[in-house]
Amino acid sequence: MAELVRNPVLMVGEGWDGFRLLDSGGGRKFEQYGPHRVIRPEGQALWSPRLAEWDADGEFIPGSDEDGGGRWHLGPAIPLEGWPLQWKDGIRFTAECTPFRHLGFFPDMAPVWDWMAEQLGPAEEAELLNLFGYTGVGTLALSRYGRVTHVDASKKSVAQARANAALSGLEERPIRWLTDDAVKFTAREVRRERRYDGIILDPPKFGRGPKGETWRIEDGLAPLVADCRRLLDRDSRFLFLTVYAVRMSSLALAGLLDEIFADLPGRIEYGDLAVAEAGAGGRLLPTAIFARWSNPG
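Residues numbered from 1 in each chain as written. Predicted model: local features only at pLDDT ≥ 70, side-chain atom pairs only at ≥ 80, totals over all residues. Heavy atoms only, no water.

Engineer: I'm lost on the pairing of strand S3 (residues 19–25) in this one. Help?
Structural biologist: For a regular strand, the rule is simple: side chains alternate between the two faces of the sheet. Taking burial as the measure, the 7 residues of S3 include 6 buried ones, the bulk of the element. The pairing of S3 with strand S4 (residues 28–33) spans 6 bridges and is classified as antiparallel. Bridge assignment links Ser24 to a residue of S4, and that residue is Lys29. Taking the residues that link successive antiparallel strands as the turn, the S3-S4 hairpin has 2 residues, and the phi of Gly26 there is positive, at about 65°. (Buried < 20%, exposed > 50% of the residue type's maximum accessible area, 1.4 Å probe, protein only. Helix = DSSP H or I, 4+ residues; strand = E, 2+ residues; numbered from the N terminus. Pairing = 2+ DSSP bridges.)

Engineer: Is there a simple way to think about helix H6 (residues 250–260) in this case?
Structural biologist: In an α-helix, one turn spans 3.6 residues; hence positions three or four apart end up facing the same way. For H6, the full list of buried residues reads Ser250, Leu253, Ala254, Leu256, Leu257 and Ile260. Summarising the axial view, the buried residues of H6 lie within an arc of 160°, below the 170-degree limit, and thus occupy one face. Opposite the buried face of H6, at more than 90 degrees from it, the exposed residues are Leu251 and Glu259. The elements touched by buried residues of H6 are strand S1 (3–4), helix H5 (217–230), strand S16 (238–243), strand S17 (267–276) and strand S18 (284–294). (Arc of directions from axis to C-beta. Contact = heavy atoms within 4.5 Å.)

Engineer: Just checking my understanding: could you explain the sheet that holds S3 for this structure?
Structural biologist: Across a sheet, strands are paired by hydrogen bonds formed along the backbone, either parallel or antiparallel in direction. Taking strand neighbours across the sheet as the criterion, the 5 strands line up as S3-S4-S5-S6-S7 in an open arrangement whose pairing is mixed. Single-partner strands in this sheet number two, and they are S3 and strand S7 (70–74). Each strand axis lies, on average, 20° off the axis of its neighbour in the sheet, ignoring direction. One ladder, built from 6 bridges, connects S4 with strand S5 (residues 36–41); its direction is antiparallel. Looking at the pairing, Phe30 lines up with Ile39 of S5. (Axes fitted to C-alpha atoms, helices over the stretch in contact; angles between N-to-C directions.)

Below, the structure is given as structure tokens:
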């Protein structure tokens, strides 16, 4: 029976050459993506900024609703077609100021990619699944450990993921790129009696599938995680679940995994993802909640 560890875990991204959180406060954050600096809204930055001025190349101005609307105000330095960034192990990808206020990847996921690598080890030849895989940076990080199935409902996101693989010189890695509804795909994999060694899923609060399917996290998360469990067994290594922008606690996610993974060995942990501000005394800016199951074997 998987053990639920009751002490919350904090997974902190420290930044790297391609990304830095320079400052935050007053409901905004000041970030550097390669050579460009941008300002974006951040409701959890309740404190005051440390820097007197933010010299940015662009800023996302939010709309009046709570659904992520708004638009970018960009200076001439930022290329509209995006610019290349790099993470470790030669993983390259394109940063771009998207209409959804982010830049085509989620830098707070970097410690998650490192954690998954620790679960697999260098000698693995694993079967891995990335649901809601977006532009594929996590998929490329996993691909050094085996075959990866990347699923996202957006044709544009999957196309960008393929482009990121080409930019990294990793087109020959064993990756299945699928434009599909994650819920329906997972259910079909259960019927096929497929198994995976690791699953990462990053579901949105609300979304639509390629055929107009509607997703609401409050309704769909529990049955989706239950199907993910059916794709894992006693020899599998991990499941990692992240959730953004919801009125939900990581304790709730942990309780869900505790129930669904009760028949497997290993441990269940939960907590927050955060990004550390650059420099001495940098504060931790929370970004998401998570729950994870791991099985050292």
